Amino acid sequence: MKQHIAIDGPAGAGKSTVARLLAWRLGYLYLDTGAFYRAVTLHFLELGLGKEDLERGEIARFLQSVRIDICPGDETRIFLNGRDVSRDIRTPEVDALVSYVAKAPEVRNFLREVQRRIALSRPSVVEGRDIGTVILPEADLKVFLTALPEVRARRRWRELALRGKKVDYKVVLKNVLERDSIDSQRSCAPLQQAQDAVVVDTSHLTVEEVVEKLYIMATEENHGGSCGCLFRVL
Ligand code: CDP
């Protein structure tokens, strides 16, 4: 059994849903690292800060008033200065700012050690953008989940609609593309596929199919070259 599983990929590729179900099936800890970046972003929004303020390089000062506590579980519950913000971090306002916050090295340094410590505390499935490359480079299985941008935007749009947030599909697509671009071009821990990651394109797969593939990879003794190819969905 692989003890530490890293799942990376762009917005809306299905990481959260798949990682949560996989962790549940394996009896592992599930850790959503995006929730940390979202909580810091919510804090900045509540302080009335925008992109321009972040660009002025005062982030370290603003971070002094942030305390994040996390309660890993089926759903990662996240607390910002003692308040449960698990729902409040999933809004279009947070979506619009989070990648600007996440590209700041101060923010990444602030979050890296705590994410790594939690991830290594138990067998785990950890999802994000830099898990296979920075947070858990020693992970036993690395997966890079991806899907066509339109498919990812549609999924995100549906998710928001189910939560009662009516947003134009085009706005969601624009946000997904913008975040992909900022996340993959930043200099500090960019979104990129680890060299030893298995790529799974989820565009035409159901959640159950993806979870099944990952479960097989996680539980087989050795998923070397040929098995990796078997699961490479192009
Ligand atoms: O769910 P979705 O993939 O849309 O986003 P998320 O995982 O909640 O992450 C939100 C944002 O946080 C991403 O767009 C990245 O800018 C940032 N992030 C990151 O930089 N590194 C991570 N390990 C996780 C998230």
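Residues numbered from 1 in each chain as written. Predicted model: local features only at pLDDT ≥ 70, side-chain atom pairs only at ≥ 80, totals over all residues. Heavy atoms only, no water.

As named in an unreviewed UniProt entry, the chain is Cytidylate kinase, taken from Candidatus Caldatribacterium saccharofermentans. Of the chain, the UniProt comment under Sequence similarities (unreviewed entry) reads exactly: "Belongs to the cytidylate kinase family. Type 1 subfamily." As its UniProt record puts it under Subcellular location (unreviewed entry), the chain is described as follows: "Cytoplasm". (UniProt positions renumbered as here; feature names shortened; annotations may be inferred.)

Neighbouring residues of the ligand: 18 residues in total, closest Arg38, Arg108, Asp130, Arg156 and Asp183. At a separation of 2.8 Å, an oxygen atom of the ligand approaches a polar side-chain atom of Arg108. For the ligand, an oxygen atom lies 2.5 Å from a polar atom in the side chain of Arg156. Coverage of the ligand by the protein amounts to 99% of the 530 Å² it exposes when considered alone. Of all the elements in the fold, those that place two or more residues in the shell around the ligand are α2 (34–46), α5 (92–102) and α9 (169–185). (Near = heavy atom within 4 Å. Polar contact = N/O pair within 3.5 Å; in protein donor to acceptor, adjacent residues only side chain to side chain. Areas by Shrake-Rupley, 256 points an atom, 1.4 Å probe, with all protein chains shown as cover. Helix = DSSP H or I, 4+ residues; strand = E, 2+ residues; numbered from the N terminus.)

So, about helix α1 (residues 15–26). Over its 12 residues, α1 runs 16 Å from end to end, which matches the ideal 16 Å to within 8%, given 1.5 Å per residue. Buried within α1 we find Lys15, Val18, Ala19, Leu22, Ala23 and Leu26. Seen end-on, α1 carries its buried residues on one side only, within an arc spanning 130 degrees. Its buried side turned inward, α1 meets β1 (4–8), β2 (29–32), β6 (124–128), β7 (141–146) and α10 (207–219). Phi for Gly27, located one or two positions after α1, is positive at around 75 degrees. (Expected span 1.5 Å × (residues − 1). Buried < 20%, exposed > 50% of the residue type's maximum accessible area, 1.4 Å probe, protein only. Arc of directions from axis to C-beta. Contact = heavy atoms within 4.5 Å.)

Looking at where Arg129 falls in the secondary structure, it is placed in the loop between β6 and α7 (131–135). Note on Arg129: relative accessible area 15%, which makes it buried. Within the structure, Arg129 has its side chain in polar contact with the backbone oxygen of Gly9 (distance 3.4 Å). At 3.4 Å, the side chain of Arg129 forms a polar contact with the side chain of Asp183. Setting aside residues no more than four positions away along its own chain, Arg129 makes contact with Asp8, Gly9, Pro10, Ala11, Lys15, Arg179, Asp183, Arg186, Pro190, Leu191 and Gln192.

Here, the residues flagged by UniProt with the feature "binding site: ATP" (unreviewed entry) are Gly9, Pro10, Ala11, Gly12, Ala13, Gly14, Lys15, Ser16 and Thr17. Looking at the element boundaries, Gly14 is found in the loop between β1 and α1. With sequence-adjacent residues up to four places away left out, Gly14 is seen in contact with Leu145 and Arg155. Apart from residues lying up to four places away in sequence, Lys15 is in contact with Ile7, Asp8, Gly9, Pro10, Glu127, Gly128, Arg129 and Leu145.

A separate point is the sheet that holds β1. By way of backbone hydrogen bonds, the strands of a sheet pair with one another, either parallel or antiparallel. Strand order across the open sheet formed by five strands is β2-β6-β1-β7-β8, with parallel pairing between neighbours. Either end of the sheet is taken by a strand with one partner, and the two such strands are β2 and β8 (198–201). Neighbour to neighbour, the strand axes of the sheet diverge by 20 degrees on average, direction disregarded. The pairing of β1 with β7 spans four bridges and is classified as parallel. (Pairing = 2+ DSSP bridges. Axes fitted to C-alpha atoms, helices over the stretch in contact; angles between N-to-C directions.)

Another aspect to go through is the sheet that holds strand β4 (residues 77–80). The three strands lie next to each other as β3-β4-β5, forming an open sheet whose pairing is antiparallel. Looking at strand neighbours, the two that pair on one side only are β3 (68–71) and β5 (83–84), the edges of this open sheet. Set on the sheet, α2 makes contact with β3, β4 and β5; between it and β4 the angle comes to about 30 degrees.

When the UniProt feature table is mapped onto this chain numbering, "domain: Cytidylate kinase" (unreviewed entry) sits at residues 5–215. Structurally, residues 5–215 comprises 51% helix and 16% strand, and the distance from its first C-alpha atom to its last is 10 Å.

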